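Structural overview for review
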Amino acid sequence: MAIVAYVIAGLLMMTVMVALCELAVGMPKAGSLHVWARRVLGPAYGAVAGLAYTAMNVIFLGSVSLANGAISNYFFQWTPDANVSALIWSLILVTVVAAIALSGVALTGRVQLALVAALVSLMVIFGIAGVSNPNFQPSHFHPFAPFGVSGLWVAMAMGVYAYIGPLVLLVTGEEARKITDLPKAMIAAFLTFLGVYTFAMIALIGLVPYEEMSLMESPFTCAAELMFGRVGGLIVNAAAWIAAFTCLIGEIYGSSRLLYGMAEEGILPPVFSKVSKRTRVPHISIIVAWIIGVFLILTGSIRAFEAAYVELCMVGSEMGVVAWIICLLAAARYKSKFPKEWEKLPWKIPGRRVLIPVAFIAAIITMYALVSGDPPSIIYTAIACIILLLLYYGYSRKHLKIPEGETYG
């Protein structure tokens, strides 16, 4: 069931992102999501989409840093207290990521490419070694769904996080040398991760019975140690570390570009649109994202705030889905709203009459998978969306600057 859940999660995410690629090709702007929604649906939609997606990225910047800090303890522990050591690692990692982002787009891209190549290689090695290992047992795949349909929803919600990496491509349209490469890269990235993660999951389940997984801190590490001893555990933890670190790069890159783009159009104060003269990156936006990330890391490490922090992370995920749904509405109306512009696009959604409705269903299923694990979170997400609307009507609407010659919904 876990394998099926991860495959479904990957296909759902890919459907949504491919549906949005047409907007990225047609409107390759910094900030992307808010521009798409603003032009096609109207400024309020654009503000909510951009701010909601930024909120998701910034919240993940804190939560993923904490997770990667815990993984880093496997290699070196700063203090006898594992929690304190993980906190130190988290602060170091988010700072390193910010430094990379501040160094420029070229370095950020090279680091991300190298890490992704290493991650894919490690996961493929794990999969091959796992299915060919004498301890691999086909009997571990029975029963098919030991936790029923509820287990499917929980696994799907977890699977969504595994495919977050390629989403950063949506905000890179303005920097793509050839805009048609963006949808190709998006599809290739999703198919690659879908294949690699599925292969790794097959190896994991074949090596470790599902009854034992809930008792393990890291089933992948245990499976690797079963095959190769401590060296295997080291390799798998390195893969997990790389996966989390690439997510951090995507979070800070995506959030800073969205902050910059929205400030350019008056959605946010102009300070966020300042660009470094040396590296040509929105350094103020990167620094602000880093400060928020550090605050979230410190807050998340306080035991009294653990429940609230988990709730915040869930709301962040749901805010991301809200942004997808708004942008899917924009994708559905793009052709009819700007027919001449659409006709000239160098890349269009394949089978858009089918794909866009399927993408809507995928987004709704994703939201349901998230909410089913924490029903009250949808109330907090609704409150957060209301706050974003208040921000728009209280500040953004008065300062909105539509680019000269551009029309909107």
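Residues numbered from 1 in each chain as written. Predicted model: local features only at pLDDT ≥ 70, side-chain atom pairs only at ≥ 80, totals over all residues. Heavy atoms only, no water.

Examining the packing of aromatic side chains
- Counting across every chain of the model gives six aromatic pairs.
- An angle of 80 degrees between the planes, with centres 5.9 Å apart, marks the rings of Tyr 74 and Phe 75 as edge-to-face.
- Relative to Trp 78, the ring of Phe 76 lies with its centre 5.0 Å away and its plane at 90 degrees, an arrangement referred to as edge-to-face.
- Positioned above the aromatic ring of Phe 338, the side-chain terminus of Arg 39 is 4.2 Å from the ring centre.
- When the ring centre of Trp 342 is taken as reference, the NZ or CZ atom of Lys 348 above it lies at 4.9 Å. (Phe/Tyr/Trp six-rings, centres within 6.5 Å; stacked < 30°, edge-to-face > 60°. Lys NZ or Arg CZ within 6 Å of the ring centre and 35° of its normal.)

Considerations on the confidence of the model for the protein
- Averaged over the protein, the pLDDT score is 83; the fraction of residues at 70 or greater is 82%.
- The least confident element of the protein, judged by mean pLDDT, is helix α8 (residues 210–213) at 55; the most confident is helix α15 (residues 377–399) at 94. (pLDDT = per-residue confidence, 0-100. Helix = DSSP H or I, 4+ residues; strand = E, 2+ residues; numbered from the N terminus.)

Section: the packing of helix α2 (residues 33–40) against helix α3 (residues 43–72)
- The interhelical angle for the contact between α2 and α3, taken along N-to-C directions, is 165 degrees, at an axis separation of 7 Å. When the axes of α2 and α3 are compared, the pair comes out roughly antiparallel. Remark: the crossing between α2 and α3 carries right-handed chirality. Between α2, through Leu 33, His 34, Ala 37 and Arg 38, and α3, the contact on the second element is made entirely by Pro 43, Tyr 45, Gly 46, Ala 49, Gly 50 and Tyr 53. (Axes fitted to C-alpha atoms, helices over the stretch in contact; angles between N-to-C directions. Parallel < 35°, antiparallel > 145°, perpendicular 65-115°, else oblique. Left-handed = near helix turned anticlockwise from the far one by under 90°. Contact = heavy atoms within 4.5 Å.)

Considering unusual backbone geometry
- One non-glycine residue with positive phi stands out, namely Arg 280, at about 60 degrees.
- Within the secondary structure, Arg 280 sits in the loop between α10 (230–264) and α11 (283–300).

Some details on a nonpolar patch on the surface
- Taken together, the side chains of Phe 75, Phe 76, Trp 78, Ile 92, Val 96 and Leu 234 define a hydrophobic patch exposed on the protein surface, amounting to about 520 Å² of accessible area.
- Within the secondary structure, Ile 92 sits in helix α4 (residues 82–102).
- Residue classification places Ile 92 among the partly exposed residues on the basis of a relative accessible area of 30%. (Patch = residues over 30% accessible without salt bridge, like charges linked within 9 Å, V, L, I, M, F, W, Y side chains within 5 Å. Areas by Shrake-Rupley, 256 points an atom, 1.4 Å probe, with all protein chains shown as cover. Salt bridge = Lys/Arg side-chain N within 4 Å of Asp/Glu carboxyl O. Buried < 20%, exposed > 50% of the residue type's maximum accessible area, 1.4 Å probe, protein only.)

What about the packing of helix α12 (residues 306–337) against helix α14 (residues 352–373)?
- Across the interface, α12 lies against α14 with an axial gap of 10 Å and an inter-helix angle of 165 degrees. When the interaxial angle is binned, α12 and α14 end up roughly antiparallel. Here α12 runs over α14; the crossing is left-handed. Of α14, the residues touching α12 (which contributes Met 314, Ser 317, Glu 318, Val 321, Val 322, Trp 324, Ile 325, Leu 328, Leu 329, Ala 331, Ala 332 and Lys 335) are Arg 352, Ile 356, Ala 359, Phe 360, Ala 363, Thr 366, Met 367, Leu 370 and Val 371.
- Class assignment for the residues of the contact of α12 with α14 results in 16 nonpolar, two polar and three charged. (Nonpolar A, V, L, I, M, F, W, Y, C, P; charged D, E, K, R; others polar.)

Quick notes on helix α5 (residues 105–131)
- Over its 27 residues, α5 extends 39 Å from the first C-alpha to the last, a length consistent with the 39 Å expected when each residue adds 1.5 Å.
- By the burial criterion, the buried members of α5 are Thr 108, Gln 112, Leu 115, Leu 119, Val 120, Met 123, Phe 126, Gly 127, Ala 129 and Gly 130. (Expected span 1.5 Å × (residues − 1).)

Here's the deal with the pattern of salt bridges
- One pass over the structure, following the stated rule, counts three salt bridges.
- In this structure, Glu 265 and Arg 38 form a salt bridge, with 2.6 Å as the shortest nitrogen-oxygen distance. Note that Glu 265 is positioned in the loop between α10 and α11 and Arg 38 in helix α2, a separation of 227 residues in sequence. For the pair formed by Glu 265 and Arg 38, the shared burial category is buried.
- Between Glu 341 and Arg 39 there is a salt bridge, with the nearest N and O atoms lying 3.0 Å from each other. With Glu 341 in helix α13 (residues 339–343) and Arg 39 in helix α2, the pair connects residues that are 302 residues apart, well separated along the chain.
- Classification of Glu 341 as partly exposed rests on a relative accessible area of 26%.

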